[in-house]
Amino acid sequence: MIKPFITRKHQEKLIEWFFFLNGIVVVAILAGIFMLLLMNAIPAFREVSIAHFLSKPIWNPDAYDQPTYGLLPMLVSSLMVTVGSLVVAIPLGIGTAAYLSDVASPRVREIAKPAVEILAGIPSVVVGFLGIVLVGPVISKLTGTYNGLNALNGSILLAVMALPTIISLSEDALTSVPRSYEEASLALGASRWQTVILVKIPAAASGILAACMLGMGRAIGETMTVLMATGNAAEFPHSFLGPVKTMTSTIAIELGEVAYYTTHFYMLFAVGLILFIITFIINLISDIIFHKHTRLQ
Amino acid sequence: MANNIRMKAEHVDFYYGSNQTLKDITLDIYDHAVTAIIGPSGCGKSTFIRLLNRMNELVPNSKLEGVISIDGESIVAEHMDPVDLRRKVGMVFQKPNPFPKSIFENIAYGLKVNGQKDKGLIEQRVILSLKKAALWDEVKDRLHDSALRLSGGQQQRLCIARCLAIEPEVILFDEPCASLDPISTSKVEALILELKKDYTIVIVTHNMQQAARVSDFTGFFYMGELIEFDKTEVIFTRPKDKRTEDYITGRFG
Ligand SMILES: Nc1ncnc2c1ncn2[C@@H]1O[C@H](COP(=O)(O)OP(=O)(O)O)[C@@H](O)[C@H]1O
Ligand SMILES: [Mg+2]
């Protein structure tokens, strides 16, 4: 037998290296983004203190005499639309997932599952459009507000965008609950809904929680939709029916107009850094929950 | 034994998709007796027993023909809700399948889904069921521990207790000892003999000694057909069919 040029052992080493390199590249990109944000954020604090940034309730970089760079208005705005969207999306998402995994007939499921996936693929600008021409006028009619471009509108749209993630991951979690639990419950005279709510959802809880966290990550980082639908008033938000300007909107709107290498310019990177850290933490938590979940299966 | 007939299968055919798994099964299940279903693996024992509480209608594309009745009424009759039927006809599965909840919650579950809200009554019934299932002494100090921490044999007795708590009239056992050690097996067998006084029992087993020990009637299934059905002593001493004889003497299976 002729010895092959690359032995099996070498081959495996090569493959191993290939995947290792891939992993390294991904980590490097992540670290690179973080560094870029950090390097550009640091100069922001030459003229303005970190305490000012974190505590001032006003974001007004264009003020003639004394510009203020308070993070709070946009942080609160982002949290408002995110929490608002979760309040809508979590019950609806889990309910839909439970319906699809346990109650729907196979035919309904066949139609609904691809529909959910298509929903995930709708460009955010189209969703924002719906916010302006559909959700806005409806809110305006119902509440008597001026144009319906407000935090509530953003919440509803973000809920629509977080739903596919929540539905499909929760459904996966419900489907992976051992069938024997379901059979035990039904054999005790529980109805299907009782079985889903009392046995399957608790058993799938960590997977569902991870799904909600990912949906949240999606909502907080979403830009175009909230930019279009929330009115973007640079004031401290006081109600869901008032306009808000989120962190993402602020960056998207102002970075295009700001003079380069000014404090305002660097401040926008500081906002981006905060956003990056928040989404990173959310994803990390959902990842940890998710892995705990799969290990228990 | 002058027993009343409790459940009845008449000319039952059952299909998974286009595969016919049961062929023309006609069988009576007597009140307050233990009926054993024996036969080689894959002959349709589980399929048959799962028809009796309508568990198999959850399988997509399955089809039932013929009539299965309880107290003279078809179990698929218009007004017969599967949920009501399953309250009357309980089931214990082959592999112990307690919920990932506490011992107490496992038993209380059946009561709660059946609308019982009285906490005191639930507690009473949990204790009573554990006693009936001969598990009380082993778990009385840790009712709020996870059921998953019990041994396999204890888990199976917990499943029996859970089933008893909703006070069924018929209990179906699908190879309840298949995954248990000999000591747990003998405990469960003793329990079944005890339960016979109050319940109608159907037990699937591929353990011939077990069938002989616990049952009053035995049906031998082979390739989806009921080859022979009679009093257990007759099946085990004077079987009429050559195939039954071959099976119980261990010549195949
Ligand atoms: N859910 C199912 N779908 C399709 N075929 C099944 C299903 N369950 C059992 N079968 C088939 O039906 C036959 C009888 O199975 P089963 O009733 O489990 O036999 P036993 O309990 O006697 O071992 C087997 O051939 C099995 O493969
Ligand atoms: Mg079986």
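1. Let's talk about the overall build of chain A
Counting its secondary structure elements, chain A contains 12 helices and two strands. Along the three orthogonal principal directions, the C-alpha set of chain A runs to about 75 × 70 × 30 Å. In chain A, 70% of the contacts between residues at least 6 apart in sequence involve partners at least 24 apart. Carbon and sulfur atoms provide 71% of the accessible area of chain A, an area that totals close to 16000 Å². Across chain A, the 17 positively charged side chains and the 17 negatively charged ones have centroids separated by 10 Å.

2. Thoughts on the overall build of chain B
Of regular secondary structure, chain B possesses 10 helices and 10 strands. Taken over the C-alpha trace, chain B has a radius of gyration of 18 Å; the compact-globule value for 253 residues is 18 Å, and the two agree within 12%. Taking the principal axes of the C-alpha coordinates as reference, chain B spans close to 55 × 45 × 35 Å. Considering chain B as a whole, with its 253 residues, one finds that 55% of them fall into the buried category. Across chain B, the fraction of contacts at a sequence separation of at least 24, relative to all contacts at a separation of at least 6, is 67%. Entry remark: accessible area of chain B is about 11200 Å², with carbon and sulfur atoms responsible for 48%.

3. Quick look at the site of ligand 1
Residue and element names in this part refer to chain B. Around ligand 1 lies a shell formed by Tyr16, Thr21, Pro40, Ser41, Gly42, Cys43, Gly44, Lys45, Ser46, Thr47 and Val59. Within the backbone of Cys43, an N or O atom sits 3.3 Å from an oxygen atom of ligand 1. Measuring from an oxygen atom of ligand 1, one finds a side-chain N or O atom of Ser46 at 2.7 Å. If ligand 1 stood free it would expose 560 Å²; the protein chains cover 57% of that surface. Ranked by the residues each element gives to the shell around ligand 1, the list is headed by helix 1 (residues 45-51), at three residues.

Reading the values: rules and limits
Residues numbered from 1 in each chain as written. Chains lettered and ligands numbered in written order. Predicted model: local features only at pLDDT ≥ 70, side-chain atom pairs only at ≥ 80, totals over all residues. Heavy atoms only, no water. Helix = DSSP H or I, 4+ residues; strand = E, 2+ residues; numbered from the N terminus. Contact = heavy atoms within 4.5 Å. Areas by Shrake-Rupley, 256 points an atom, 1.4 Å probe, with all protein chains shown as cover. Lys, Arg positive; Asp, Glu negative; His and termini not counted. Charge placed at Lys NZ, Arg CZ, Asp CG, Glu CD. Rg over C-alpha atoms; globule rule 2.2 N^0.38 Å. Buried < 20%, exposed > 50% of the residue type's maximum accessible area, 1.4 Å probe, protein only. Near = heavy atom within 4 Å. Polar contact = N/O pair within 3.5 Å; in protein donor to acceptor, adjacent residues only side chain to side chain.

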